[in-house]
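An overview of the molecular structure
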Amino acid sequence: MQISANGIALEVEDHGPPTGEPLLLIMGLGMQLVAWHEDFVASLVQRGFRVIRFDNRDIGLSQTFDALGVPNVAVESLKFAFGLKVNSPYSLADMAADAVGVLDALGIGRAHVCGASMGGMIAQQMAIRHPERVKSLTLMMTTSGSRRLPQATLKVRGALLSRPKDANDTDSVIAHYVRLYKLIGSPGYPASDAYLNARLGMSVRRAYRPSGTVRQLVAIAADGDRSRLLGGIKLPTRVLHGQQDPLVPVAAGHDLAAKIPGAQLDLVEGMGHDLPPALWPRFAAAISAAAGRA
């Protein structure tokens, strides 16, 4: 369903009984709400949660920001590399306000929040700027944004910035994403080509908006280092990170847990930068553990 949140139109799905514990799931860069697999969502509902997943702005079926133009990634990357101000059409703080707007639209005062990758950065901004709306935090495969942390390899960064051979051909776009996810996925829990083709194909056919991904990417760079703000988070927090994450190396998980007071660190052997079905029970347990401390 489409709702008005923070003054913009967002696509939202609400799962489970209204009396369940509200749990807001925030997805990562360029990813749609369907990246939270429906079976994983169902497992969370079975644990007593009312699960809300949504398309971030500029992605999926939510409002587009094409009128703001497409940033020059090369120029903004150079600015970032030299510590200069990155110009972004919108900020992660804006996206955190969108997430709060989702809660407002659904009449939810406070919710448990789980964010993956960029979604974890948005969740951090929620906890920093809107702590009264957050019951607990689960931060998956994400980072404080510290420049001192190890970064993805050039091969992974190049793949992330690459484009399909033919952006107008659906099969070419799907093949492009399959190659990317095989590169950054979990070596201990490899996804089959059939699974990736089915899931990513469904996502691409639902919506394909690469310009929105570029604007989100620049918003990540513009947000910079949140380290000095993380000490102010006083919420039950679980940091979950893959030991073999090639996109956001595991040092980021150690760093994030050390900077948030009382955060619990859950490191997963064999996990990369994805959400393998075999690990869904562990992910659900992590979310429940954080919620249980609220």
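Residues numbered from 1 in each chain as written. Predicted model: local features only at pLDDT ≥ 70, side-chain atom pairs only at ≥ 80, totals over all residues. Heavy atoms only, no water.

Here the focus is the sheet that holds strand 3 (residues 21–26). Taken together, 8 strands build an open sheet; the order of strands is 1-2-4-3-5-6-7-8 and the sheet is mixed. Edge positions in the open sheet fall to strand 1 (2–5) and strand 8 (264–268), since each of these has one partner strand only. For this sheet the average axis-to-axis angle between neighbouring strands, irrespective of direction, equals 25 degrees. Across 4 bridges, strand 2 (residues 8–15) lies against strand 4 (residues 49–54) in antiparallel orientation. The partner of Glu13 across the bridge, within strand 4, is Arg53. (Pairing = 2+ DSSP bridges. Helix = DSSP H or I, 4+ residues; strand = E, 2+ residues; numbered from the N terminus. Axes fitted to C-alpha atoms, helices over the stretch in contact; angles between N-to-C directions.)

So, about a nonpolar patch on the surface. Judged by side-chain polarity, Leu78, Phe82 and Leu84 come together as a nonpolar surface patch covering roughly 370 Å² of accessible area. For Phe82, the position within the fold is in the loop between helix 2 (73–81) and helix 3 (92–105). (Patch = residues over 30% accessible without salt bridge, like charges linked within 9 Å, V, L, I, M, F, W, Y side chains within 5 Å. Areas by Shrake-Rupley, 256 points an atom, 1.4 Å probe, with all protein chains shown as cover. Salt bridge = Lys/Arg side-chain N within 4 Å of Asp/Glu carboxyl O.)

Here we come to the pairing of strand 7 (residues 237–242). Counting buried residues in strand 7 gives 6 out of 6 residues, a clear majority hidden from the surface. Across the two faces of strand 7 the burial is the same, with Thr237, Val239 and His241 and Arg238, Leu240 and Gly242 all buried. Pairing of strand 6 (residues 134–140) with strand 7 involves 4 bridges; the strand directions are parallel. Within strand 7, the residue paired with Leu139 across the bridge is Val239. As paired elements, strand 7 and strand 8 share 5 bridges and run parallel to each other. Residue pairing in the sheet places Leu240 in a bridge with Asp266 of strand 8. (Buried < 20%, exposed > 50% of the residue type's maximum accessible area, 1.4 Å probe, protein only.)

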